[in-house]
Amino acid sequence: MSTRAEDAFRADIVEVGRRMYARGYVASNDGNISIRLDDSTILTTPKSVSKGFMTADMMVVVDLDGKKIRGTRDASSELLMHLEVYKNRPDVRAVVHAHPPTATGFAVAGIPLDCAVLAEVVTTLGSIPIAEYGTPSTPELPAAVRKYIKAYDGLLLANHGALTIGPDVFAAYYKMETIEHFAKISLVARQLGREHLLSREEVVRLQDLRGNYGIKSPAPICADPSTSSGSRAESRDDPSTSSEANCQIVQAPSSHGARLIPSDPADLDGEIRLSYRELTALIEDAVKALLGGQHG
Ligand SMILES: [Zn+2]
């Protein structure tokens, strides 16, 4: 890595930190940002500094074990969580962590942002699950993140905040903006009492569009694996069921515009989930309709 390239990355982190602070995604010295410099080194934000007022010289270079290589300051206390992402996702070159208030409110309420509501969110992020609570700056948090990070580019962290990743630091940061924007819209829809969801059919169509837009999604959209073993809340709290996620769970009803969310969000009985069998049937129907259209 040339000094000039590293200088550009340092400037990018300063800019992303400034935007995070300006948008109120962090308070005080919260949040952290990192960039993969090469196979073995990571550039990251320092601890105990407001992310809105950083300078390029404050950044710290560490190896994949978190050992400091360069820098006068110490790396962020959440560095372990960033390193966990880099170890599990070779495609990822940047990680952003913040506490955007509305998305974090969902993370505190235990409500994942996994309903098919906005087309661009389904296409880009799929859905945003909640990683189990782990005490900040301990190995608990990386362990919680590990379970989801292979299938998702954005996570809520229970009772804490949000984590986004990407091929560069601006891509990772924009996912943080998308999550907070999605959370605000979902909150307003829920306050209005009507969160109309996109249909399963539309979700399949949006998933197919990913290729057209050149969106590299880490995993396909799939069924909720916890439905066979009780409610999502129960299985989320049970570490014995914490196998790694290998697909993105999106809640979508069978017909367009159906109301999936009952008046009491705690009552999950009204939810319908997309199974592999249903997904396959939908794709088969779509192919049949397409072929019929071509010949007719
Ligand atoms: Zn945090």
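For the structure, see preceding data.
Residues numbered from 1 in each chain as written. Predicted model: local features only at pLDDT ≥ 70, side-chain atom pairs only at ≥ 80, totals over all residues. Heavy atoms only, no water.

1. A short note on the coordination of the zinc ion
Move 1: Protein coordination at the zinc ion: the donors are H97 (NE2), H99 (NE2) and H160 (NE2), at 2.0 to 2.1 Å from the metal.
Move 2: Read N to C, the donor residues that coordinate the zinc ion are spaced as H-x1-H-x60-H. Residue H97 is found in strand β5 (residues 94-98), and its partner H160 is found in the loop between β7 (154-157) and β8 (161-166); the two are separated by 63 residues along the sequence. One exposure class covers both H97 and H160, and it is buried. (Donors = N, O, S within 2.8 Å, 3.2 Å for Na, K, Ca; no water. Helix = DSSP H or I, 4+ residues; strand = E, 2+ residues; numbered from the N terminus. Buried < 20%, exposed > 50% of the residue type's maximum accessible area, 1.4 Å probe, protein only.)

2. Points about the pairing of β8
Move 1: Within β8, six of the six residues are buried, which leaves it mostly tucked inside the rest of the structure.
Move 2: In this structure, β5 lies alongside β8, joined through five bridges in antiparallel fashion. Note that in β8 the partner of V95 across the bridge is I165.
Move 3: Remark: three residues form the turn of the hairpin made by β7 and β8, two consecutive strands paired antiparallel; N159 in that turn has positive phi of roughly 50 degrees. (Pairing = 2+ DSSP bridges.)

3. Observations concerning the environment of L198
Move 1: Within the fold, L198 resides in the loop between α6 (169-192) and α7 (200-212).
Move 2: L198 sits in the buried class, given a relative accessible area of 14%.
Move 3: Distance from L198 to V122, taken between C-alpha atoms, is 9.6 Å for residues 76 residues apart in sequence.

4. Observations concerning α7
Move 1: Across its 13 residues, α7 extends 19 Å between first and last C-alpha, which sits within 8% of the 18 Å expected from 1.5 Å per residue.
Move 2: Listing the buried residues of α7 in full gives R200, V203, V204, L206, Q207 and R210. On an axial view of α7, the arc spanned by its buried residues comes to 165 degrees, and they lie on one face. Exposed residues on α7 whose side chains face more than 90 degrees from its buried face are D208 and N212.
Move 3: One or two residues past the end of α7 sits G214, with phi positive at roughly 70 degrees. (Expected span 1.5 Å × (residues − 1). Arc of directions from axis to C-beta.)

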